[in-house]
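So the chains spell out like this:
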Amino acid sequence: MASLPRLISTLDHTAPLPSQSPFNREAAVSAPSLIEQGKTNYQAAQFADAIDQWLQAKAMYEAQGDRLNQAYVLSYLALAYQQLGQWPLAETAIASSLDLLQAEEGSPNPAYQAIKGQVWNTQGTLQLAQGQAEEALTSWQTAATAYDTAGKEAQYIGSLINQAQAQQVLGFFLQARKTFDAIQQQLQRQTDLTIRMTGLRSLGNLLRSVGELDGSQTVLQESLAIARQLQSPQETSLSLLSLGNTARAQQDSSTALDLYRQAAAQATLPLTATQAQLNELNVLIETRQWPAATSLANQIQPHLSTLPLSRTTIYAYINFAQSLLKLSPPTPTSNTQHPTSNTLLLPAQVLATAIQKAKDLHDSQAEAYALGYLGSVYEQTQQWAIAKQLTEEGLSLAQSVNALDISYQWQWQLGRIFKQQGDQKNAIASYATAYDTLQSLRRDLRAIDTSVQFSFKESVEPVYRQYVELLLQSADETQSPDALIQAREVMESLQLAELTNFFRSACLEGQRVTLEQVDQREAAVLYPIILPDRLDVILSLPHQPLKHYHTAIQQEEVESTLEDLRLYLERPFTAPEGKTLGKQVYDWLIQPIESDLAQSQVKILAFVLDGALRNVPMAALYDGSQYLVEHYAVAIAPGLRLLNPQPLGQNQLEALVAGLTEERHGFPPLRNVSLEVKDITAEVPSEVLLNQSFTSTALREQINRLPFPIVHLATHGQFSSNAAETFILAWDKPILIDELSDLLRTSDERRPKAIELLVLSACETATGDNRAALGLAGISVRAGARSTLASLWSLDDESGAHLIAEFYRQLTQARLNRAEALQQAQLFLLHDSNYRHPAQWASYVLVGNWL
């Protein structure tokens, strides 16, 4: 479950201005106390109470004609209205605040700049929550300048942290890194240890949210050390809790459990202790430590009722109920009209309490969450009528406060309920609505708070896949081309959502065209889709309507077959199992359309691959006598659209070639890179950076200096499903994907054209990561290159150098397109008795434009 983004320093501690009016002096004295009471309630997530107090203070300042203090209070009101999902009121409040601030522009009052910083900080908070990251960044820059002028160091640091979050959302990773560095420098200079401690904790939490887990751990450990130095048990508890969350993100369960236990033991506030215990319970359930989880749940339950009434408390109830549902999976009976599972009685009671508390707080957003989750309990007991009623009530409330991140979940839940009832029409309609809502949310998926569990794999991806499954079933039954077109679009959206989640920011999409527009004569496009009990393929042939076929097979069998096939393909010796497995996958994907492909006379097969299929080179599929590459050139598309594809201009080819031959950073030497570089420079005019000359700085300088159409990196690298573990190795350091993409895009303003071809010739997918090729797709999309040639596994052998050399010869001398050049290079090795095994030639895949 998710709420709004956590942003830093949204409430500062600037005191309201003393009244300048001779009237209502008593009221003016009470207004600051009302503001402080409101702050206390806001920090305790008692937003309705905070609003009541701030409205009273606003009325007092309005009666006095005190515009500056009105602007100050209105900025707080905007935050509280936002938290309750009351967006029209929030927008009206911040607009009024800005108008009043403008009227006081240039005020000599010493508090003016501090209040200006607070108002613009609030404006940025509202803007980012609505997906307006560029506007939010500008607002926070204005806030930072005002805070700096006012000498408000803590608030200035908070606005920098907010800027870094907006920069991450926008994909400005190098700028975000510079901002992080500036924050750390500010914090190190900070003499107030309390400010330094809380700032470091905020920074550590942000670093975790953007995937920089090692940095998060380091910063949070420093925050913890200061908390201990200050001998503050509560602050120590908060830093331990944050460190536990980072350890959990690092998949270090044992460390996370230890940190959560320490946090609970140190906490002086019951709510902090309960939050730590709830996180500990989540990890125990994830690691299937059932006795310990049951014991802890029994400890948590009586403490919930002692917590102060707030939204955070309500979310604690919901979190606890979610854990109880996972701790005691339902076994619903089917011999009564309204089956009841005793194991679900307690979570239902917990959620009912949460609903009542949300009503007491007049918090529609929290109530919407609790209602929907109670509906999910009845969904699990197959009591469809009441499940539907509760889900619709939760959805209605979520929509009333424009809480899209709640709405899609209950739209999805309604779709599941309709599907179970056999109402396919309404199921498809509900899934379509959930999908549309997710589309509008996609830009902000990475910014969503995880105060109550939120997971892309659990809470986002299934919406797309289940919707596609319904659409394909409908297409089978009705032969509707519209259902196939929509299914294909949904899979495209899923791939973009995966990349958004991978980068924790919106992907740069640029000017893109559909695959069918790329090559309307020689290419067929295949869209395989892995579903729980079937493997579907949508086929697009030139100038023909979409075709659809499927194989009834369990997802587990598909994935295990692909894993085994990849294993045999990598082994550099002949094994009959490899061909057998290659034949199996060929029969699933290609055999049903062999005649269609032959009749259409296509030469290129472009695959938009799903899931585990990305880790297997399609060129190595086997028809029983020949490999697929012997019939067709093969390309991989990272989505249904490509970046403005154009043919490669052979007359203007120049390359920037960088590589390592020596051992660096614990990676072994690449002995054949020298041969590879020599062969490339023989075919294409090149600028070479080798070994010591291949640093991240030198690479940036060369790309800035000349717009090379080809960038060839012959060095160790890894593709992973985690962006923080996707990198290429330079002499001075590993270059992570975020920095690499910014580095390659550095000269966008000077570059008349995109990089035509990015070659990564010694990289490999991470071992044991069945979604590792997502990193390859990520580099392809983020680098802004029209196409990327990369290796799925690293093979430091002469064969790799020979394949690359032949690829460039086919590009420059035979003037073939990229896909056909790769095909001929692979055939060149396949027909050589020394290199005929797929391990020697199949690892190279072309991603993106194949022209």
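What you see is a predicted model; the values in this text were computed from it and never measured. (Residues numbered from 1 in each chain as written. Predicted model: local features only at pLDDT ≥ 70, side-chain atom pairs only at ≥ 80, totals over all residues. Heavy atoms only, no water.)

1. Here we look at the overall build of the protein
A tally of helices and strands in the protein yields 34 helices and 15 strands. With 851 residues in all, the protein has 61% of them scored as buried. Summarising the internal contacts of the protein: among those between residues at least 6 apart in sequence, 71% fall at separations of at least 24. Surface summary for the protein: the accessible area is close to 32900 Å², and the carbon and sulfur share equals 47%. (Helix = DSSP H or I, 4+ residues; strand = E, 2+ residues; numbered from the N terminus. Buried < 20%, exposed > 50% of the residue type's maximum accessible area, 1.4 Å probe, protein only. Contact = heavy atoms within 4.5 Å. Areas by Shrake-Rupley, 256 points an atom, 1.4 Å probe, with all protein chains shown as cover.)

2. Let's talk about the side chain of Q495
Of note, Q495 is situated in helix α23 (residues 481–503). In contact with Q495, other than residues within four places in its own chain, are V608, L609, R614, A637, P638 and G639.

3. Observations concerning unusual backbone geometry
Of note in this structure, Q251 is not a glycine but carries a positive phi near 60 degrees. Topologically, Q251 is positioned in the loop between α11 (233–249) and α12 (253–266). The backbone phi angle of N402 is positive, close to 55 degrees, even though this residue is not glycine.

4. Overview of the environment of I737
Tracing the backbone shows I737 in helix α30 (residues 737–744). Judged by its relative accessible area of 1%, I737 falls in the buried class. The spatial distance from the C-alpha of I737 to the C-alpha of G775 is 8.3 Å, given a sequence separation of 38 residues. In contact with I737, other than residues within four places in its own chain, are F502, F503, A723, T726, G775, G778 and I779.

5. Concerning helix α3 (residues 67–83)
Over its 17 residues, α3 runs 25 Å from end to end, which matches the ideal 24 Å to within 8%, given 1.5 Å per residue. Across the 17 residues of α3, 16 count as buried, placing the element largely inside the fold. Downstream of α3 by a residue or two, G85 has a phi angle that is positive, lying close to 75 degrees. (Expected span 1.5 Å × (residues − 1).)

6. Quick look at the environment of I710
With respect to the element layout, I710 can be found in strand β10 (residues 710–719). I710 gets classed as buried once you look at its relative accessible area, which sits at 0%. Residues in contact with I710, not counting those within four places in the same chain, are L653, E654, A655, L656, L757 and Y808.

7. Notes on the environment of V73
Inspection of the secondary structure assignment puts V73 in helix α3. With relative accessibility at 0%, the residue V73 sits in the buried group. Expressed as a C-alpha distance, the spacing of V73 and Y61, which sit twelve residues apart in the sequence, is 9.0 Å. Those residues within four positions of V73 in sequence are excluded, and the remaining contacts are I35, W54, A57, K58 and Y61.

8. Quick look at the side chain of S97
Among the structural elements, S97 can be located in helix α4 (residues 87–103). Once residues lying within four places of it in the same chain are set aside, the contact partners of S97 are A71, L74, S75 and V119.

9. Some words on the packing of aromatic side chains
Across all of its chains, the model carries 14 aromatic pairs by this definition. Measuring from centroid to centroid gives 5.0 Å for Y72 and Y76, while their planes differ by 55 degrees, and the two rings are tilted. Within this pair, Y72 and its partner Y76 are both found in helix α3, separated by four residues, close to a single helical turn. Y76 matches Y72 in its accessibility class, with the two residues each being buried. Ring centres of Y431 and Y467 lie 6.4 Å apart, and the angle between their planes is 10 degrees; on these two criteria the pair is classed as stacked. Separated by 36 residues along the polypeptide, Y431 in helix α20 (residues 424–441) and Y467 in helix α22 (residues 461–478) bring together distant segments of the chain. Like Y467, Y431 is buried. Taken together, Y42, F47, W54, Y72 and Y76 form an aromatic cluster joined through their ring pairs. Residue placement shows R416 over the ring face of W412; its charged tip is 4.6 Å from the ring centre. The residue whose ring lies beneath R664 is W731, and the NZ or CZ to ring-centre distance is 3.9 Å. (Phe/Tyr/Trp six-rings, centres within 6.5 Å; stacked < 30°, edge-to-face > 60°. Lys NZ or Arg CZ within 6 Å of the ring centre and 35° of its normal.)

10. Regarding the confidence of the model for the protein
Taken as a whole, the protein shows an average pLDDT of 87; of its residues, 89% reach a score of 70 or greater. In this model, residues 13–29 is a region of pLDDT below 50 whose contacts with residues beyond four sequence positions or in other chains number 29 contacts. In this model, residues 445–454 is a region of pLDDT below 50 whose contacts with residues beyond four sequence positions or in other chains number 45 contacts. (pLDDT = per-residue confidence, 0-100.)

11. Examining the pattern of salt bridges
On inspection of all chains with the given rule, the structure shows 23 salt bridges. Each of E461, R465 and D610 takes part in a single network of salt bridges with overlapping partners. (Salt bridge = Lys/Arg side-chain N within 4 Å of Asp/Glu carboxyl O.)

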